[in-house]
Amino acid sequence: MLCARGLGGLRARAAPLRPGRAGLGGLGAGIRARGVSTSWSPVGAAFNVKPQGRRLDLFGERRGLFGVPELSSPEGFRIAQENALRKTDLLVERARCTPPGPQTVLIFDELSDSLCRVADLADFVKIAHPEPAFREAAEEACRSIGTVVEKLNTNVELYQSLQKLLADEKLMDSLDPETRRVAELFMFDFEISGIHLDKEKRKRAVDLNVKILDLSSTFLMGTNFPTKIEKHLLPAHIHHNFVFTGDHVMIDGLHAEAPDDLVREAAYKIFLYPNADQLKCLEELLSSRDLLAKLVGYSTYSHRALQGTIAKNPETVMEFLEKLSDKLSERTVKDFEMIRGMKMKLNPQNSELMPWDPPYYSGVIRAERYNIEPSLYCPFFSLGACMEGLNILFNKLLGISLYAEQPAKGEVWCEDVRKLAVVHESEGLLGYIYCDFFQRADKPHQDCHFTIRGGRLKEDGDYQLPVVVLMLNLPHSSRNLPTLLTPGMMENLFHEMGHAMHSMLGRTRYQHVTGTRCPTDFAEVPSILMEYFANDYRVVNQFARHYQTGQSLPKNMVSRLCESKKVCAAADMQLQVFYATLDQIYHGKHPLRKSTTDILKETQEKFYGLPYVPNTAWQLRFSHLVGYGAKYYSYLMSRAVASMVWKECFLQDPFNRAAGERYRREMLAHGGGKEPMLMVQGMLQKCPSVDDFVSALVSDLDLDFETFLMDSE
């Protein structure tokens, strides 16, 4: 998952953090030398032992978070933002006085960089730092930078300096494609703030942007808020499944894995019971987005959100979803029959299939057909072994090695955070990955990639190296036991590392389009592609060793795991089609022709097949409507592209260096600096159609890669 944020006209295009001389000068310190460092150590061993040696550094210089001197204390955020704001004033003045040309784009990018490297760093610290004082200071920095960005987005002179460049056809034609695209992206972001409108409409656009931010925040909080009911309303024999506060029961989720049908049914009906405030918030959010889109010149919010994506427009998205739904329908019906059969076997009195049943019963079918108990696999997936596996894969495919580096005092926010140097065999140091992998109190329960600093070509000719954080929630090692991963955790690690490599190798001239700062339906391609590698025996066999005996993970265990993932996979994909379609309708033509709940009911019955349950409103728990509004389809489309890349380029040989170099050259290197479909085309040597995307997804449900491999040996 990418952690996404927006800074209006000067927004960072996909994930959080950055530095430089005037603002956070220190982050550049220590990463200038591109040669080999004597402090680097093998990556596998570093993750199978607890960090050592930091206590010996009691008298060493305290560097501050990410090596930024100012951030050795929470007060440093104020200094950092003051420095950034001083630099911003100078750059705004430079932009106004510079004649239109490529220099205009460079100034805008530096302006964006100087703000984003504080705001994005603060965005990460405010949710991840264990100390409240740091979190509060970071929160304040986010607010303060956000206010400045709002002002810049309505600075007419700044806008006009960019407009002059875009209005000059001759000048635009003389720019290289990346510079031209970045100029257009800045203009696109600006116009969302309504800066091109008259004064009255511009004020309305600014007010709507503020309102949307507030509504988004309120809606997001509401999606996780537990539902409270009086305990006497629940049958006594299921009370122990829930949390009590006095005479009330708190239902904080769907309890989808609970074996008792009644527990799942109660959780579903209570957790999804409509909340009037949340419903009003959603309706206001959707209508405000629609008003803003119309105000700045789009027929729907979806048309605005899909600018520059692989899909390009909502019509293509709906064609993709409808064709995929048609191709899945027979398979989905068979999956539901199989799930219904299992329910009948275990619960003959109540065998009607309901929406709370598939997650649990498909799990039962998987366990019955394939012996895939996670505890059988965990001993083969120690964290150190998995990291070594990634190192081997990147080395063979891309000539890249991962090395553990001892962080300086104060550089990391928790002592178990590891710092990795990413080093190319001929290009040297490419950047840093901070690995915040372990569980701790108050840490968000999500696997996530944050851009801490984007790469860019600086004025002095040096390249500003990218810095990212990968956040997971893995168990700690103990004295006798390294951290052991379930197959799901291992796949998530590979997925997030796909994002990190995109950040390391998306070496663009401009930070505005560096690494993962690209359209949402392309951003997940590198991470999902890594899942295909994680499920290939030839890759797994390079590193999966029993942590005690050294024995390799048997091939048939990998085969069972891969085959088990296809159980009810059509029904799972159909559910994603339903969610994506609902998202498109909500962000389509307004006013909506029915209530959001009536649309949910209609869409569920058409695109999923299981009955709508009266007095429920699942859409009020659909948190992705905030970060992925009109873009929820992106995961399916990214998976389709990743599937095609895997089959075309890596299925025959997952370690093919020529294919790896082509993948870097055609897809990873451009970040968001090139149209996504052109990158896909360059990799696949053809322009895929909607039918190609659909076929790729559907064929994954049938293709047995493991059997293919066994037959070919």
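Residues numbered from 1 in each chain as written. Predicted model: local features only at pLDDT ≥ 70, side-chain atom pairs only at ≥ 80, totals over all residues. Heavy atoms only, no water.

**Details of the overall build of the chain**
If you tally the helices and strands in the chain, you get 28 helices and 11 strands. Here the C-alpha atoms of the chain give a radius of gyration of 26 Å, agreeing with the 27 Å that 2.2 N^0.38 yields for 713 residues. Summarising its shape, the C-alpha atoms of the chain cover approximately 80 × 65 × 60 Å along the three principal directions. Counting the 713 residues in the chain, one finds 58% classified as buried. Of the contacts formed within the chain by residues at least 6 apart in sequence, a portion of 75% connects residues at least 24 apart. For the chain, the computed accessible surface area is about 29200 Å², with 53% contributed by carbon and sulfur atoms. A distance of 3 Å separates the average location of the 84 positive side-chain charges in the chain from that of its 90 negative side-chain charges. (Helix = DSSP H or I, 4+ residues; strand = E, 2+ residues; numbered from the N terminus. Rg over C-alpha atoms; globule rule 2.2 N^0.38 Å. Buried < 20%, exposed > 50% of the residue type's maximum accessible area, 1.4 Å probe, protein only. Contact = heavy atoms within 4.5 Å. Areas by Shrake-Rupley, 256 points an atom, 1.4 Å probe, with all protein chains shown as cover. Lys, Arg positive; Asp, Glu negative; His and termini not counted. Charge placed at Lys NZ, Arg CZ, Asp CG, Glu CD.)

**Examining the pairing of strand β11 (residues 467–474)**
Burial within β11 is extensive, with eight of its eight residues counted as buried. The two faces of β11 match: V467, V469, M471 and N473 on one face and V468, L470, L472 and L474 on the other face are all buried. Looking at chain direction, strand β7 (residues 428–438) and β11 are connected through six bridges and run parallel. Across the sheet, F438 pairs through a bridge with L474, a residue of β11. Bridge count for strand β8 (residues 448–453) against β11 is five bridges, and the pairing is antiparallel. Opposite F450, over in β11, you have V469 as the bridge partner. (Pairing = 2+ DSSP bridges.)

**Here we look at the side chain of Q464**
With respect to the helices and strands, Q464 occurs in strand β10 (residues 463–464). A polar contact of 3.3 Å, which involves the side chain of Q464, links it to the side chain of D113. Among the polar contacts listed, one links the side chain of Q464 to the backbone oxygen of G454, at a separation of 2.9 Å. (Polar contact = N/O pair within 3.5 Å; in protein donor to acceptor, adjacent residues only side chain to side chain.)

**Structural notes on the pattern of salt bridges**
Throughout the structure, instances matching the rule amount to 41 salt bridges. Look at the salt bridges and you will find they share partners, linking D261, R264, K343 and D357 into a network. (Salt bridge = Lys/Arg side-chain N within 4 Å of Asp/Glu carboxyl O.)

**What to know about unusual backbone geometry**
Cis geometry marks the peptide bond from H590 to P591, where omega comes out at 0°. One non-glycine residue, D442, lies in the positive phi region at around 70°. Positionally, D442 belongs in the loop between β7 and β8. The exposed category is assigned to D442, whose relative accessible area is 67%. The backbone of A630 sits at a positive phi, close to 70°, despite the residue not being glycine. Residue placement: A630 occurs in the loop between α23 (624–627) and α24 (634–650). The exposure class of A630 is buried, given its relative accessible area of 0%.

**Section: helix α8 (residues 199–224)**
In a regular helix each residue adds 1.5 Å, so 26 residues correspond to 38 Å; α8 covers 39 Å between its end C-alpha atoms and thus fits that length. Looking at the packing, one finds that the buried side of α8 touches α5 (156–167), α9 (261–271), α10 (276–295) and α23. For α8, the N-terminal cap is D198; the gap from its side-chain oxygen to the backbone nitrogen of E200 is 3.2 Å. (Expected span 1.5 Å × (residues − 1).)

**Description of the packing of aromatic side chains**
In total, this model carries 28 aromatic pairs according to the counting rule given. Summarising the aromatic geometry, the rings of F578 and W618 are spaced 6.4 Å apart at their centres and angled 40° between planes, so their arrangement reads as tilted. Of this pair, F578 sits in helix α21 (residues 569–586) while W618 is found in the loop between α22 (596–607) and α23, placing the two residues 40 residues apart along the sequence. An identical accessibility class is assigned to F578 and W618; each is buried. By way of ring pairs, the aromatic residues F336, F578, Y579, Y608, W618, F622 and Y632 are connected into one cluster. When the ring centre of F655 is taken as reference, the NZ or CZ atom of K396 above it lies at 4.6 Å. We note R621 situated over the ring of F271; from NZ or CZ to the ring centre the distance is 3.5 Å. (Phe/Tyr/Trp six-rings, centres within 6.5 Å; stacked < 30°, edge-to-face > 60°. Lys NZ or Arg CZ within 6 Å of the ring centre and 35° of its normal.)

**A few points about the nonpolar core**
In this structure, I433, F437 and F650 are the most contacted members of the largest nonpolar core, which totals 166 residues. Sequence-distant contacts of F437, defined by excluding residues within four places in its chain, comprise F47, L383, M387, K443, L470, L472, N473, L474 and L493. Ranked by size, the runner-up nonpolar core spans 33 residues in total, among them F134, V417, A421 and L429. (Core = buried A, V, L, I, M, F, W, Y, C linked by side-chain atoms within 4.5 Å.)

**Some thoughts on the UniProt feature "domain: Peptidase M3A/M3B catalytic" (unreviewed entry) in the chain**
UniProt records the feature "domain: Peptidase M3A/M3B catalytic" (unreviewed entry) for residues 255–697 in the present numbering. Overall, residues 255–697 shows 51% helix and 9% strand. The separation of its end C-alpha atoms is 29 Å. (UniProt positions renumbered as here; feature names shortened; annotations may be inferred.)

**Observations regarding the sheet that holds strand β2 (residues 227–230)**
As summarised here, the arrangement of the three strands in space is β2-β4-β3, forming an open sheet in which the pairing is antiparallel. Strand pairing shows two members of the sheet lacking a second neighbour, β2 and β3 (243–245), which therefore form its edges. Strand-to-strand, the axes of this sheet are offset by a mean angle of 35°, without reference to chain direction. Both β2 and strand β4 (residues 248–251) contribute to a ladder of four bridges, which runs antiparallel. Directly across from I229, in β4, lies its bridge partner V249. (Axes fitted to C-alpha atoms, helices over the stretch in contact; angles between N-to-C directions.)

**A word on the environment of G246**
Positionally, G246 belongs in the loop between β3 and β4. With relative accessibility at 60%, the residue G246 sits in the exposed group. Residues G246 and K231 lie 15 residues apart in sequence; the distance between their C-alpha atoms is 8.9 Å.

**Description of the packing of α24 against helix α27 (residues 690–702)**
As a packed pair, α24 and α27 sit with axes 8 Å apart at the nearest point and diverge in direction by 75°. With respect to α27, the axis of α24 lies roughly perpendicular. Residues L636, M637, R639, A640, V641, S643, M644 and K647 of α24 form the contact with α27, whose participating residues are D692, F693, A696, L697, S699 and D700. Residues that form the contact of α24 with α27 fall into these classes: eight nonpolar, two polar and four charged. (Parallel < 35°, antiparallel > 145°, perpendicular 65-115°, else oblique. Nonpolar A, V, L, I, M, F, W, Y, C, P; charged D, E, K, R; others polar.)

**Structural notes on the pairing of β7**
Burial runs high along β7: 11 of the 11 residues are buried. Connecting the antiparallel pair strand β6 (residues 418–424) and β7 is a turn made up of three residues.

**Re the environment of I107**
Summarising the element assignment, I107 is placed in helix α3 (residues 102–128). In the structure, I107 is positioned 244 residues away from S351 in sequence and 65 Å away in space, judged by C-alpha atoms. With residues up to four places along the chain from it excluded, the contact list for I107 reads L91, R94, A95 and T98.

**Notes on the confidence of the model for the chain**
Summary statistics for the chain give a mean pLDDT of 90 and a share of 91% for residues scoring 70 or more. Segment residues 2–37: pLDDT under 50, and 150 contacts once partners within four positions in sequence are set aside and those in other chains are kept. Below a pLDDT of 50 lies the segment residues 705–713, which in the model reaches 19 contacts outside its immediate sequence neighbourhood of four places, other chains included. (pLDDT = per-residue confidence, 0-100.)

**Overview of the packing of α3 against helix α7 (residues 177–192)**
Each pair of packed helices can be summarised by the angle the axes make with each other and by the distance between the axes. Running from N to C, α3 and α7 cross one another at 55°; their axes reach a closest spacing of 10 Å. As summarised for this structure, α3 and α7 are arranged oblique, according to the angle between their axes. Every pair of crossing elements has a handedness; the one defined by α3 and α7 is left-handed. Residue-level contacts link V105, F108, D109 and S112 of α3 to T179, V182, A183, F186 and F190 of α7. Partitioned by chemical class, the residues of the contact of α3 with α7 number six nonpolar, two polar and one charged. (Left-handed = near helix turned anticlockwise from the far one by under 90°.)

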